[in-house]
Amino acid sequence: LCLNLIFIPSHKIGFLLHKPEFPPDKEQIKEKTNIAKRVSPADVEKWKLSFNNLMNTGRTVFTTFLKAEFSQENMEFWKACEKYKMSAPKNMAAKAKQIYDQYITADALNEVNLDSATREETRQNLSNAGPFCFDNAQQKIFTLMEKDSYRRFLYSKLIQDLSPLPTTTQLSALEKRGGMRGCSENSGA
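Residues numbered from 1 in each chain as written. Predicted model: local features only at pLDDT ≥ 70, side-chain atom pairs only at ≥ 80, totals over all residues. Heavy atoms only, no water.

**Looking at the overall build of the protein**
The following threshold applies: In this description a helix means any DSSP run of H or I spanning at least four residues, a strand means any run of E spanning at least two, and both kinds are numbered starting from the N terminus. Classification of residues uses two cut-offs on accessible area relative to the type maximum, computed with a 1.4 Å probe and protein chains only: under 20% is buried, over 50% is exposed, and between them is partly exposed. When checking whether two residues touch, look at their non-hydrogen atoms; a contact exists if any pair is within 4.5 Å. Every accessible area reported is derived by Shrake-Rupley at a probe size of 1.4 Å, with residue values counting cover from the shown protein chains alone.
Each helix and strand counted, the protein has twelve helices and zero strands in total. Beginning at the N terminus, the succession of helices and strands in the protein can be written as α-α-α-α-α-α-α-α-α-α-α-α. Across the 189 residues in the protein, those meeting the buried criterion constitute 35%. For the protein, the share of sequence-separated contacts (at least 6 apart) that also reach a separation of at least 24 residues comes to 65%. For the protein, the exposed area adds up to about 12400 Å²; of that, 56% sits on carbon and sulfur atoms.

And the structure:
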């Protein structure tokens, strides 16, 4: 058996490791344009200061950003949990199972990033599916979006197109003054 191995220096194949840049499709451009027409500069300024403000008034814009990052399952899960809490008690068990199967089980179609302890706790909560069944998992995903995606959102082209951002130095000064507070800091938890 003869194996011909070819050695290619890593610097010559580095281009394979880079994420391909695809031109935006017409639907993304149309959606972005529609969002820009509905957003006031005052709202954008509020979003820069607080993730809670963004979740209350700018979810559509943030969801568009998450879609571009291929992480919209986080927002979808969070919204599904909010909707679940409003369900009639007789429907909660079936809806809880559906949410669990879609977002939490390993290899779920829209699996969210949860630690194993939270997954197990949520699985156990299914046996007594009440309005608070997903609270811990939902809070973990909220925190993940707040600490990770939200930071990238603030520097994204989407938010820059809606309202010019202050420079990085100005944002750092704002963070040091406590202007960008997370949900736990705002709620007193």
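Okay, back to it.
**What to know about the nonpolar core**
How we decide: Note on terminology: a nonpolar core comprises buried Ala, Val, Leu, Ile, Met, Phe, Trp, Tyr and Cys residues joined through side-chain atoms within 4.5 Å.
One finds Trp47, Phe62, Phe77, Phe134, Met145 and Phe153 to be the most contacted residues of the largest nonpolar core, which totals 38 residues. Of all the elements in the fold, those that place two or more residues in this core are α3 (41-49), α4 (51-57), α5 (59-68), α6 (73-85), α7 (92-104), α9 (135-154) and α10 (157-162). Once you skip the residues sitting within four places of it in the chain, Trp47 turns out to touch Val39, Asn53, Leu54, Thr57, Gly58, Val61, Tyr150, Phe153, Leu154, Ile159 and Leu162.

**Description of unusual backbone geometry**
Phi at Phe70 is positive, roughly 60°, even though this residue is not glycine. With respect to the helices, strands and loops of the structure, Phe70 is situated in the loop between α5 and α6. A relative accessible area of 64% means that Phe70 is categorised as exposed. For Asp107, which is not a glycine, the phi torsion comes out positive at approximately 65°. Here Asp107 lies in the loop between α7 and α8 (116-125). Look at Asp107 and you get exposed, because its relative accessible area is 73%.

**A word on α6**
Definition in use: Any helix carries an expected span of 1.5 Å times its number of residues minus one.
Over its 13 residues, α6 extends 18 Å from the first C-alpha to the last, a length consistent with the 18 Å expected when each residue adds 1.5 Å. Within the span of α6, buried status applies to Glu73, Asn74, Met75, Phe77, Trp78, Ala80, Cys81 and Tyr84. If you follow the buried residues of α6, they end up packed against α4, α5, α7 and α9.

**Considering α7**
Applied cut-off: The arc in question is the one traced by the directions running from the helix axis out to the C-beta atoms.
Where α7 is concerned, the buried positions are Met92, Ala96, Ile99, Tyr100, Tyr103 and Ile104. For α7, the angular spread of the buried residues around the axis is 100°, confining them to a single face. Exposed side of α7, more than 90 degrees from the buried face: Ala94 and Gln98 are the residues found there. Buried residues belonging to α7 abut α6, α8 and α9.

**Points about the confidence of the model for the protein**
Any residue range with low pLDDT should be treated as having predicted coordinates unsuitable for detailed reading. Definition in use: Confidence of the predictor at the level of single residues is given by pLDDT, which spans 0 to 100.
Averaged over all residues, the pLDDT of the protein is 77; the fraction at 70 or higher stands at 66%. Predicted confidence is poor over residues 8-23, with pLDDT under 50, and the contacts of this stretch with residues over four places away or in other chains come to one contact. Of the regions scoring below 50 in pLDDT, residues 177-189 engages in 25 contacts with residues more than four places distant in sequence or in other chains.

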